[in-house]
Amino acid sequence: GFHMAVSTSIDFNETLTEIITDALSLIQVAGVGQTISSEDYSLSQRALNRMLKAWQAQGIYLFGQTEGVLVPAASTAQYAMSSASTSANVAVASDFFNTTLSAAEAAGQTVLSTTSTTNIAVSDKVGITLSDGTVQWTTLSSKTSTTMTVADALTGAASSGAYVYSFTTRMDRPVRILSARTYDPTSTNETPLTMLSREDYFSNTPNKLSTGSPTSFYYDPQMTTGQLYVWPVQSTITQIIKFTYQRQITDVDATTDNIDFPQEWLDAVVYSLAVRLGPFFGKHQEASALLPLASTFLSNAMDFDNETVSMTICPGN
């Protein structure tokens, strides 16, 4: 019989150097095997990073959608969303865990009896729900399979079964928050929150500190630290907030870095970069000739990356 020699790998990617080399070859600036000057390389790297950031702003690509979790603070409406924040207890969902206390703990305790310590590591941030309904945050100093030793003594009593939350790092600023919902850890029920506009929140929500179960949110992405507003606020924390957000595209820094895009985007990236670089090198004709292909590759990548949804057509009444 006829046998094809097919590889078993699916990890093809291109480094920053390979992307720049390919793009400059397309516009006849660098021949195959030629060394690119450091000035030309830096120019091309800046253009690539600008292009990827522009694409990030253009729309919501599925690969950039990520799940996040916020543990609200009692009677608090506003949360600073960035890795530099020291206040909001917010993490990527894959880095967030919850467990419970397996015994009642008195104020002043640092060694806490815990149902499970499997997912928590030393130095992780730990939030313990106290009997007054607030969540006290500290860090994990050490653990056994059934106990956690925390850096700060409990400031109040905590009952058996109280929720304990943990995560390692605060998440980066979301570009957009696409949807959010409250999550009740006891019932595991999730209830969608209504997304508000800036005007809805600031002008049409008279009392920002009304208490109750949250029903709505507004997110202002700002420049470096996003601000998430939740309404109404909980006086005691019985629900946490889960949300779907568009994460930032990472920078392409090192020569061996890959881009923060799936493989399907490589053609779109290389050809679009070549079109953008053409004018810098006086290669206007070459860039123009590549434009139709670059546009096709980009729209193909975007089409692939849009979610397939079923459509129901209802006849008019």
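Before reading further, recall that the structure is shown in the block above.
Read on for a plain summary of the structure. Everything quoted here is computed from the prediction, not taken from an experiment.

Within the secondary structure layout, Leu26 lies in helix H1 (residues 16-26). When the C-alpha positions of Leu26 and Gly278 are compared, they lie 9.3 Å apart, and in sequence the two are 252 residues distant. In contact with Leu26, other than residues within four places in its own chain, are Val270, Tyr271, Ala274 and Leu290.

With that settled, the discussion passes to helix H4 (residues 266-277). Relative to the 16 Å expected for 12 residues at 1.5 Å per residue, H4 spans 16 Å between its end C-alpha atoms, a close match to the ideal helical length. The element H4 is extensively covered by neighbouring structure, given that 10 of its 12 residues are classed as buried. Residues of H4 that are buried: Leu266, Ala268, Val269, Val270, Tyr271, Ser272, Leu273, Ala274, Val275 and Leu277. In this fold, the buried residues of H4 make contact with H1, helix H2 (38-58) and helix H5 (284-304).

This brings us to the sheet that holds strand S13 (residues 216-220). Taken in spatial order, the four strands of this open sheet run S2-S14-S13-S12, and their pairing is mixed. Of all the strands in the sheet, just strand S2 (78-81) and strand S12 (194-195) have a single pairing partner and so form its edges. Bridge count for S13 against strand S14 (residues 226-231) is five bridges, and the pairing is antiparallel. Paired with Tyr218 across the strands is Tyr229, a residue of S14.

Attention shifts here to the nonpolar core. Judged by nonpolar contacts, the single largest core of 32 residues is most densely connected at Ile19, Leu48, Leu52, Trp55, Ile259, Val269 and Leu273. With nine residues, H4 is the single largest residue contributor to this core. Not counting the four nearest positions on each side in its chain, Ile19 is found in contact with Glu14, Leu48, Ile259, Leu266, Val269, Val270 and Leu273. Of all hydrophobic cores here, the second largest spans 16 residues; its members include Met171, Tyr219, Phe243 and Tyr245.

A few words on the environment of Asn189. Here Asn189 shows up in the loop between strand S10 (176-183) and strand S11 (190-192). Expressed as a C-alpha distance, the spacing of Asn189 and Gln239, which sit 50 residues apart in the sequence, is 9.6 Å. Residues within four places of Asn189 in sequence aside, it is in contact with Thr182, Tyr183 and Asp184.

As a further point, take the pattern of salt bridges. Evaluation of the coordinates by the stated rule reveals six salt bridges. For Glu67, the salt bridge is made with Arg181, and the minimal N-O distance between the two is 2.9 Å. In this pair, Glu67 is assigned in strand S1 (residues 65-71) and Arg181 in strand S10, connecting sequence segments 114 residues apart. Under the relative-accessibility criterion, Arg181 is labelled buried at 18%. The closest approach of N and O atoms between Glu190 and Lys242, which form a salt bridge, is 3.5 Å. Of this pair, Glu190 sits in strand S11 while Lys242 sits in strand S15 (residues 240-246); the two residues are 52 residues apart in sequence, bridging distant segments of the chain. Here the salt bridges share partners, and the residues they tie into one network are Glu67, Arg181, Glu190 and Lys242.

Let's shift gears to empty space enclosed by the protein. As enumerated under the stated definition, the model contains two cavities of 30 Å³ or more in all. Put simply, the largest cavity is a space of about 40 Å³. Lining the largest cavity are Pro72, Ala73, Thr76, Tyr79, Pro214, Val230, Pro232, Val233, Gln234 and Ile241. Residue classes in the lining of the largest cavity are distributed as eight nonpolar, two polar and no charged.

Here we take up the packing of H4 against H5. Two elements in contact, H4 and H5, have axes whose closest approach is 8 Å; the angle formed by their N-to-C orientations is 150 degrees. Considered as vectors, H4 and H5 are oriented roughly antiparallel to each other. Relative to H5, H4 is oriented so that their crossing is left-handed. From H4, Asp267, Ala268, Tyr271, Ser272, Ala274 and Val275 reach across to H5, where they touch Ala287, Leu290, Leu291, Leu293, Ala294, Phe297, Leu298 and Ala301. Across the contact of H4 with H5, the residue classes break down as 12 nonpolar, one polar and one charged.

About the criteria used
Residues numbered from 1 in each chain as written. Predicted model: local features only at pLDDT ≥ 70, side-chain atom pairs only at ≥ 80, totals over all residues. Heavy atoms only, no water. Helix = DSSP H or I, 4+ residues; strand = E, 2+ residues; numbered from the N terminus. Contact = heavy atoms within 4.5 Å. Expected span 1.5 Å × (residues − 1). Buried < 20%, exposed > 50% of the residue type's maximum accessible area, 1.4 Å probe, protein only. Pairing = 2+ DSSP bridges. Core = buried A, V, L, I, M, F, W, Y, C linked by side-chain atoms within 4.5 Å. Salt bridge = Lys/Arg side-chain N within 4 Å of Asp/Glu carboxyl O. 1 Å grid on protein atoms, 1.4 Å probe; cavity = no way out; pocket = protein on both sides within 12 Å on 5 of 7 lines; lining within 4 Å. Points joined across faces, edges and corners; volume = space filled by probe spheres on them. Nonpolar A, V, L, I, M, F, W, Y, C, P; charged D, E, K, R; others polar. Axes fitted to C-alpha atoms, helices over the stretch in contact; angles between N-to-C directions. Parallel < 35°, antiparallel > 145°, perpendicular 65-115°, else oblique. Left-handed = near helix turned anticlockwise from the far one by under 90°.

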